[in-house]
Each structure stands twice: as structure tokens, then as C-alpha cells.
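# Overview (structure and organization)
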Amino acid sequence: MLTHSGKITNSLWAPSRRPTLFPLFRCFFTSSNDFVSSSSSTASHVDDDYKDFLPWLQLKAGAEFSTALHIGNSPYGRGLYASKNIKKGDCVLKVPTTAQLSPEDLDAEISELIKKEIGNIAVVAVVILFEKQMGEKSNWAPYISRLPLREDMHCSIFWSDEELEMIRPSCAYAETHKQKESIERNFLGLKLVFDKFPHLFQDPTLEGFTHAYGLVRSRGWESSKGVSLIPFLDFLNHDGNSEARVIVCEHDEHSEVTADRDYAKGEEVLIRYGKISNASLLLCLGFTLSNNKYDFVKLELDVPKDDQLCSQKSGILQGLHTPSMKADDMFVCSWNSFKIKQGKGIPRTLRAFARILVCDSQQQLDDLREKSTQIDGWLARFPLENKEKEIAAHQFLHSTISELVEEHNEHIKLLEPCTPNIKRQLALDLLQGELRVMKSALDWLENYCLALSDD
């Protein structure tokens, strides 16, 4: 997921913001059961394979590169560990922009041929392909050569159609297919570049481009340069409870991380990529959490075609009184799709949608419109005066969510008896997390309807 780091243009520091796309970071954990808040984990040893990495990065930076961290291995994989005792508020890592890989590193002659509709992630993917072709001659070779191999990445964009069937009930299923289609469009849109410079991009394939795209998607940060890969910093692993973020200082031209708590020497230092659901983690980063508090369920509804008021209701629902909205991650909600969160009940917009759906006469729709103009302009935002209709609206939602629960349960039953593997476990975490969200929503609906019935 592309991480949108905090950005400042003067000496004042600002907290990081949520990304427009998503934190593009990698997690090295091999399965969701391993992925826990690893604040107490310590490195088994310094990773000897990376002893030459920091000297190269210092040389590449051509400016101050400071860190209180070293690369090490643990049961969770590779990460960054405290080289000394660290206090809350200490700067643990500072990487100059000169040591960050971005679209600016692409040769100008190549950049001129890239169409405007090609996204920033795809452009940096081209940079990776170019630097890979350069081999040891590349100034970025020590970094590029250490990027994960395709077979070591578990983002759902790398899953086969058969593997994706494991997560069909989740919104991650449709979004993954959309991402695959987008990647292919970008690849075809870059054909002119590949054909013009065959010696720089030897026999480029969609598979190879998808790998490069996935690397950027899982490791990059949004910055003033568009999208940047930040060597060394991208070894930091994720802890959903951490308050540490990446800060970009435009004035001083560097990115840095400040510790959000004390760390003992040898302890793994973690940051939070964002408030990210398992659907987004799986799609962009290739890992999940076994109990992710940011999980959600995306519910899509439509007015039945055989409804005699279908056109009227559809027109109302697409109007200004039920505005479209964007979720706080990459899954976009529109006029007929809604995001249900763990322990948050039912969104007002979804309840309003249901109240409009249960109307069975034009007069009832007109009454809702009139009432909305008398209050705050939001159509069907408040409970219907007719208690039976209000209950019917929420029972409709209960029935709709129950069907989705049944579909999730059926897929989970198919997955659980099978021989465990990483992708199957990722699918289980995803579906079970969404199942918890839906059960919470059903409890809320049942309590609401019961309270109305008792009045």
C-alpha cells in the first residue's frame, strides 16, 4: 500500500497523513499467526548479508544519514532493531531525499514517452525494471538486488484465479481483479517505451512488470516527488498500535522516524503504516492480522428491478441527500455501497438507504423529502414515524447481512480442513475478520429492532 507520509515545508514538524492510495510497505512475516505486535521481539543476530548496505546508502545519500537501528532477523523475518537504548521522542532514522528512489530517477528521454494516464506507481515500476536491467552497473544495485522475489510476495495481485476464489465473499476479491486490470492497462500503455528502448528493457513481460509494480505498491511512500522508495526505512515492520510515523521534511530534504516509546537495545522498532484493514493489507502488502481492529465489510445494495418505484428510488438515492463518499482506505464507497466497521453499529447513510427501500408508495417518498427539508436536508436520516416501517427497514439490513455471513461461513468451512499454507491462512484471517464485523452489526440490528418492538 502506498503510504502517504507526513509532509512539511518549513521547520515545523507535522504528523503523517493517510495516503490517497495506501501505505506501500512490505511485511516480512510469513503468516498471520506470526504477525503480532512484536514490541517485545529481539533480533536473533545482525544480518551479515547487509553489512555493506549502510555504507552504500551513506555514499548514495551524499549527506548526513543517521540511524540508531540495524538490520536483523527474528522469527518474523527481517526488520530494524535498536542498536542502543532509545527514548520516546528520539529520532531513530533519517534518510536524505538523495537516497530515495522516485520518478525523478528515470532518464528524461524515457520520461518524455510516458503517457500522462500512467500512474506514479507504474512509473517507479519502470525505474525498477530499468535499474534491474543495468545489473551491477546500476547505482541502485545494492538496493534493487535485495528487493523481494516474486515468489516471496503474497499480495493478492499475485494470486491465481483459483486462489482468489478463496476470498470471493470479500470486497478484496473484486478490488484485486480491478488492480490486476489496472496493472495490465499500465503495462500496455508503456509499450511505446519498451519498444523504443529494447536494450534497456529486454523482453519486458506483464509478469515482470506486475512484480515491479507490486514492489512499489508494497514499499513506497507518497511524497512531493509523487511516489518514493526509501531504502532501509522500508525494513520497518508494522504495528497497528504504534503511533510512530514517517515524517517528510521538504525544507531539510529528508524523511525521518521518531520513536513513539522507549526501546531497549536489540528490540525491534516498529511503526504504523496506517489504520488498515486486512482487505487492504492483503491486497497491497501480502499479510493479514489475526484480529485486526480496522477490519470492515463493504455492503453493496441495489433497488430491486421489480420494485414499482425503482426509478424514483434510484433517482433519490443518487441525489444530494445521500452523497457519495470515499472510505479512509483504497476501497471507495459510492451511493449504493457502504462500509460497516467493527463495533460501530450501522452507518447512518446505510440506514437511510434501507428506509427509502421499504417505502411502498410515492406519497411515502414525498413525505421523506418534505421532512428532510424541514430538518437538515438529509433524506431519511432519522427514524421513520411508522414504527413497523422502521423495523422493516432494519430487518431488511439484517437479512442482507445474514446472507453475506452465510457465504463467509461456507468459504471458511472449505478452508479450515485443508492443509495449512500461507495464502489459505491469509484468506482465513480476512474472512474471519469480516465475519466478526458482520456479527457485531447483526447484534446491533437485533437490539435496535427489539427496543422498537418493546416501546
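The structure we're discussing is the one just above.
Summary of the structure given here. In every chain, residue numbers begin from 1 and rise along the written sequence. The predicted nature of this model means local features are confined to residues of pLDDT at least 70 and side-chain atom pairs, given and counted, to a pLDDT of 80 or more, with totals for whole chains, interfaces and linings taken over all residues. The basis for every side-chain value is the complete set of heavy atoms in the structure, and neither hydrogens nor water enter the calculation.

## Notes on the environment of Val 123
With respect to the secondary-structure elements, Val 123 resides in helix 3 (residues 120–134). Relative accessibility under 20% of the residue-type maximum defines a buried residue, over 50% an exposed one, and the middle range a partly exposed one, all with a 1.4 Å probe and only protein chains included. Judged by relative accessible area, which is 11%, Val 123 ranks as buried. In this structure the C-alpha to C-alpha distance between Val 123 and Leu 106, which are 17 residues apart in sequence, comes to 8.3 Å. Helix and strand assignments come from DSSP, with helices taken as H or I runs of at least 4 residues and strands as E runs of at least 2, each series counted from the N terminus.

## Observations regarding the nonpolar core
Residue types Ala, Val, Leu, Ile, Met, Phe, Trp, Tyr and Cys, when buried and joined through side-chain atoms within 4.5 Å, form a set referred to as a nonpolar core. Judged by nonpolar contacts, the single largest core of 128 residues is most densely connected at Leu 93, Phe 201, Phe 209 and Ile 401. Contacts: residue pairs with any heavy atoms within 4.5 Å of one another. For Ile 401, the residues in contact, after removing those within four places along its chain, are Leu 299, Ile 340, Ile 346, Met 438, Ala 441, Leu 442 and Leu 445.

## Structural notes on the packing of helix 10 (residues 310–317) against helix 12 (residues 362–374)
Helix-helix packing is characterised by the crossing angle of the two axes and by the distance between the axes. Axis definition: a line fitted to C-alpha atoms, over the contacting stretch in the case of helices. Angles run 0 to 180 degrees between N-to-C directions. Running from N to C, helix 10 and helix 12 cross one another at 15°; their axes reach a closest spacing of 11 Å. Between helix 10 and helix 12, the angle is such that the two are roughly parallel. Relative to helix 12, the crossing made by helix 10 is left-handed. On helix 12, the residues that touch Gln 312, Lys 313 and Ile 316 of helix 10 are Gln 362, Leu 365 and Arg 369. The residue makeup of the contact of helix 10 with helix 12, split by class, is two nonpolar, two polar and two charged. Put simply, angles under 35 degrees are roughly parallel, angles over 145 are roughly antiparallel, angles from 65 to 115 are roughly perpendicular, and the rest are oblique. The handedness criterion is simple: a crossing whose near helix is rotated anticlockwise from the far helix by less than a right angle is left-handed, and one whose near helix is rotated clockwise is right-handed. Charged means Asp, Glu, Lys or Arg here, nonpolar means Ala, Val, Leu, Ile, Met, Phe, Trp, Tyr, Cys or Pro, and polar covers whatever is left, Gly included.

## Quick look at the packing of aromatic side chains
Note on aromatic pairs: the rings of Phe, Tyr and Trp (six-membered ring only in Trp) are paired at centre separations within 6.5 Å, and the planes decide the class, stacked below 30 degrees, edge-to-face beyond 60, tilted for the rest. Following the criterion strictly, the structure yields 12 aromatic pairs and no others. Geometrically, the ring pair formed by Phe 53 and Trp 56 is tilted, given 5.5 Å between the ring centres and 45° between the ring planes. Linking Phe 53 with Trp 56, this pair stays in helix 1 (residues 53–61), spanning three residues, or about one helical turn. The class for Phe 53 is buried, based on a relative accessible area of 0%. What makes Trp 56 buried here is its relative accessible area of 12%. For the ring pair Phe 53 and Phe 235, a centre distance of 5.9 Å and an interplane angle of 70° mean the geometry is edge-to-face. Of the two residues, Phe 53 is situated in helix 1 and Phe 235 in the loop between strand 9 (226–228) and strand 10 (237–238); the sequence distance between them amounts to 182 residues.

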